[in-house]
Amino acid sequence: MDLSSLNPAQSRAVMAVEGPILVLAGAGSGKTRVLTHRIASLIETHDIFPSNILAITFTNKAANEMRERIEHLIGPVSQQMWVGTFHAICVRILRRDGDRIGFGNDFVIYDTADQKALLKVCYKELGIDDKRQPLKSTQYKISNAKNDMLTPEGYEKEFGGDFTERDFIKLYKRYQEKIKQNQAMDFDDLLLNTLLLFKEAPDVLAGYQQRFRYIHVDEYQDTNRAQYLLIKALAGKHHNLFVVGDGDQSIYKWRGADIRNIREFELDYPGAQLIKLEQNYRSTQYILDLANSVIKQNPNRKDKVLWTDRGKGQKAKYYKAYDERDEANFVVRQIKRLVREEGYRYKDFAILYRTNAQSRAFEDLLIVEQVAYKVVGGLKFYERKEIKDILAYLKLVVNPQDDVSFQRVINEPKRSIGGKSIEKLQMYAQERGLSLLEACGEPEAMALLSGKARQGAEAFYQIIGALKAKVDTAFVSTIFDDLMAQTGLITLYEQERTIEADARIDNIYEFKSVIDAFEQRNEAPNLRDFLAETTLRSDQDSIEDTDDSILLMTIHASKGLEFPVVFLVGLEENLFPSFRAADDPEALEEERRLCYVGITRAENMLVISHAMNRTQYGRYEARFPSVFLTEMDTACIDGIDPAGVEMPHKEKPKQSYFSIGKSSVAASKLVPKPMKPTEAAQTGSVENIDFVYKPGAKVMHKVFGSGMIISVNGSILTIAFDNKGIKKLDADIAPLKPIG
DNA sequence: TAATGTGCAATTTTT
DNA sequence: TTGCACATTA
């Protein structure tokens, strides 16, 4: 094994073989390199069988990359290793041994949309009002409960005494009954059920413990409790556990990640070796110093200071934009300039923001400017309606018990089967313990339906049946083609002749190519595995750098990626950090880590910006610069004016009070002070506001058009509109603009 | 049953 | 502003 390409810390990590090992890997410090070399060295130098090695990641992309890189190092013997995401590994275990706790191996996987659909049914059956117990929060609570290894029964034991939990417990119970009945598992079930399996069948666990003598976990800081326990169980015999992570990049607490897992690793695994990787190979020193200056504001972190031998590089650039359009303008101008003058390609740039909605201003401009760009995230490919519909059909083919998928597509395309017909079917099915699809196979049930609905249901049953007959022998692509022919989905979209329908057709063909790729990749491709793989796949997995486009994404989505030039935009209070972190120190720390992640994506150049005004939820508001700007070491930034970064007052108003249109004050002026328009009206002397609501002034209203103010009473304006008569409007909320 | 309107809320989303 | 979940109507 050639270790000459590794630095001392990296070699130490690679050469540490036995026992628990914690590698604290700063951003860009070559952790994948360490992981792959360590695994290769286990096999090559220490003669460990590949089949004794397990490597777990969070994304398929990371798993594939790791597998490829190891294969590159040691060749195809690496195929024997288990490399995969937590969820994929659990699927594999459950398919093999799930029968020990009563699961068949043909279960389907429900994503969050399926989960939501199933929960809706539970609400309905139990007569629980989703206004009192919002569905979103139920979904969230179920997920949390499962991540904490609390089954409905366990949850009831713990919280049953609390009457406010009664509805939730009922919902959780019913949901769990139904998901089992449907032979489905949600994402969290995959972990939970694996843990239950290990608990119920110790011999099964012992088998895996024996097999996985060397266990590796990437991004350990992002593990939740269930994942933590899973690792703990598997490593319980040999204790050869090698985890890599960075507490400073823990940005998924809200998804259940427990940063204590990494912070307390040495307590959980006594005698653990600790290795810090602090040399960074990605960024220049100015960028790292800037990142360090921000992250060091977080208390309770393991101290770690990134350094590089790449040289100082250039300072970060700073831009204070007038509003989000100005910000976009600046960014796009800079990109074009760098492409023109410094030989950059468009794919060298990433625009990173806190919320998806921020992509809009950039997209609007990039379209006009005809610059190629790609937005990562937003509506995901596999969440698109047409794709989900096809997936539901296919799931139903694999698993006739899947009532959620049945309900999704029974009337897609239209088969004249509405709520009433489904209710009849449900009634019938429930009485006899059948699934909805099975009910459609019973003449007795069909007799309950009206003519049209009956024909539709029978046709539907035929289609699924015909596909099912082929499922074990035909290619997935053949089943797909049959499905399209039988349902006429493509044809129907073609007949619509709208842009949306055309896009859907494109997506369907794209989906076909996903199937083709799956078949080429696998020796024995089958529909069941295709569905699992598809459901467990994310958009992140499909980021390619093949075409020359600017990438736009949230900072979350950028984790693990790197770009020559990064624009970190929207550094404003209540946006980044999010308003939800306002009075929660821990949440603020997580936002700060997110900021750290954003900064450390940059290789050569970092540009940070914020806007003084921003349209959000249709309101144009003044903004404060982010607290993170004040934390940044100004020695690492060009063009920042420390005096210009004026922080909010202690008791800053909850909302900004600007609702007036654009002011003519130059963008270079100081941050606007918040002031109510009504106050402005009274003092009439605020330089940031060049318009004062007073009788006689002309205004333009979004809906009512132009008019003249008759009187002002506090924030209530009485306005005579030219065409719509006299109205009383609140200056704080009405979409008003001054004219003239 | 299907199509259209209305009110409400509004991070991040590795699986 | 956008997206959705629902309620109403044709």
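In this text, all values refer to a predicted model and were calculated from it rather than measured experimentally.

Section: a negative patch on the surface
Taken together, the side chains of E494, E496, E500, D502, D506 and E510 define an acidic patch exposed on the protein surface. Secondary structure elements with two or more residues in the negative patch: α24 (489-496) and α25 (499-521). Of the residues forming the negative patch, the biggest block, 4 residues, is contributed by α25. Positionally, E500 belongs in helix α25. Judged by its relative accessible area of 53%, E500 falls in the exposed class.

Examining helix α16 (residues 359-368)
For α16, the set of buried residues is S359, A361, F362, L365 and L366. The buried residues of α16 occupy an angular sector of 165 degrees when projected down its axis, which confines them to one face. Exposed and oriented more than 90 degrees from the buried face of α16 are R360, I367 and V368. Summarising the contacts, the buried residues of α16 are in contact with α15 (324-342), β10 (349-353), β11 (373-375) and β12 (550-554). The first or second residue beyond α16 is Q370, which carries a positive phi of 55 degrees.

Digging into the packing of helix α5 (residues 112-126) against helix α8 (residues 166-181)
Angle between the axes and distance between the axes are the two parameters that describe a pair of packed helices. Two elements in contact, α5 and α8, have axes separated by 9 Å at closest approach and are oriented at 120 degrees. Taken together, the axes of α5 and α8 lie oblique to each other. Judged by the twist between their axes, the crossing of α5 over α8 is right-handed. Across the interface between the two elements, Q115, L118, L119, V121, C122, Y123, E125 and L126 from α5 touch K170, L171, R174, Y175, K178 and I179 from α8. Partitioning the contact of α5 with α8 into residue classes produces 9 nonpolar, 1 polar and 4 charged.

Some words on helix α2 (residues 31-44)
In this model, α2 (14 residues) spans 20 Å end to end at C-alpha, consistent with the 20 Å of a helix rising 1.5 Å per residue. The element α2 is extensively covered by neighbouring structure, given that 11 of its 14 residues are classed as buried. Every buried residue of α2 is listed here: K31, V34, L35, T36, H37, R38, I39, A40, S41, L42 and I43.

Points about the nonpolar core
Counting residues in each nonpolar core, the largest one holds 51 residues, and the members touching the most others are I390, F406, F460, F511, L527 and F530. Those residues in contact with I390, other than ones at most four positions away along the chain, are F480, L483, M484, L489, I508 and F511. Membership of the second largest hydrophobic core comes to 46 residues, among which are L54, L195, Y208 and F265.

Digging into the UniProt feature "binding site: ATP" (unreviewed entry) in chain A
UniProt marks A25, G26, A27, G28, S29, G30, K31 and T32 with the feature "binding site: ATP" (unreviewed entry), using the numbering shown here. Checked against the element boundaries, A25 lands in strand β1 (residues 21-25). Ignoring any residue separated from it by four or fewer positions in sequence, one finds A25 in contact with K31, V244, G245, D246, Q249 and L277. By the secondary structure assignment, G30 is in the loop between β1 and α2.

Notes on the sheet that holds strand β13 (residues 563-568)
Backbone-to-backbone hydrogen bonds pair the strands of a sheet. The strands run either parallel or antiparallel. Read across the open sheet, the 7 strands follow the order β11-β12-β10-β13-β14-β9-β17; overall the sheet is parallel. This sheet does not close on itself; its edge strands, each paired only once, are β11 and β17 (637-638). Bridging between β10 and β13 involves 4 bridges; their strand directions are parallel. Bridging across to β13, I351 finds its partner in F567.

Points about the packing of aromatic side chains
Applying the stated rule across the entire model yields 22 aromatic pairs. Judged by centre distance (5.1 Å) and plane angle (65 degrees), the ring pair of F518 and F530 falls under edge-to-face. Residue F518 is located in helix α25, and its partner F530 is located in helix α26 (residues 527-535); the two are separated by 12 residues in the primary sequence. Take F518: its relative accessible area is 1%, and that puts it in the buried class. Its relative accessible area of 1% is what places F530 among the buried residues. Sitting above the plane of the Y286 ring, K312 keeps its charged end 4.9 Å from the centroid. Across the ring face of Y428, the terminal group of R432 is positioned such that the distance to the ring centre comes to 3.7 Å.

Criteria and cut-off values
- Residues numbered from 1 in each chain as written.
- Chains lettered and ligands numbered in written order.
- Predicted model: local features only at pLDDT ≥ 70, side-chain atom pairs only at ≥ 80, totals over all residues.
- Heavy atoms only, no water.
- Patch = residues over 30% accessible without salt bridge, like charges linked within 9 Å, V, L, I, M, F, W, Y side chains within 5 Å.
- Areas by Shrake-Rupley, 256 points an atom, 1.4 Å probe, with all protein chains shown as cover.
- Salt bridge = Lys/Arg side-chain N within 4 Å of Asp/Glu carboxyl O.
- Lys, Arg positive; Asp, Glu negative; His and termini not counted.
- Charge placed at Lys NZ, Arg CZ, Asp CG, Glu CD.
- Helix = DSSP H or I, 4+ residues; strand = E, 2+ residues; numbered from the N terminus.
- Buried < 20%, exposed > 50% of the residue type's maximum accessible area, 1.4 Å probe, protein only.
- Arc of directions from axis to C-beta.
- Contact = heavy atoms within 4.5 Å.
- Axes fitted to C-alpha atoms, helices over the stretch in contact; angles between N-to-C directions.
- Parallel < 35°, antiparallel > 145°, perpendicular 65-115°, else oblique.
- Left-handed = near helix turned anticlockwise from the far one by under 90°.
- Nonpolar A, V, L, I, M, F, W, Y, C, P; charged D, E, K, R; others polar.
- Expected span 1.5 Å × (residues − 1).
- Core = buried A, V, L, I, M, F, W, Y, C linked by side-chain atoms within 4.5 Å.
- UniProt positions renumbered as here; feature names shortened; annotations may be inferred.
- Pairing = 2+ DSSP bridges.
- Phe/Tyr/Trp six-rings, centres within 6.5 Å; stacked < 30°, edge-to-face > 60°.
- Lys NZ or Arg CZ within 6 Å of the ring centre and 35° of its normal.

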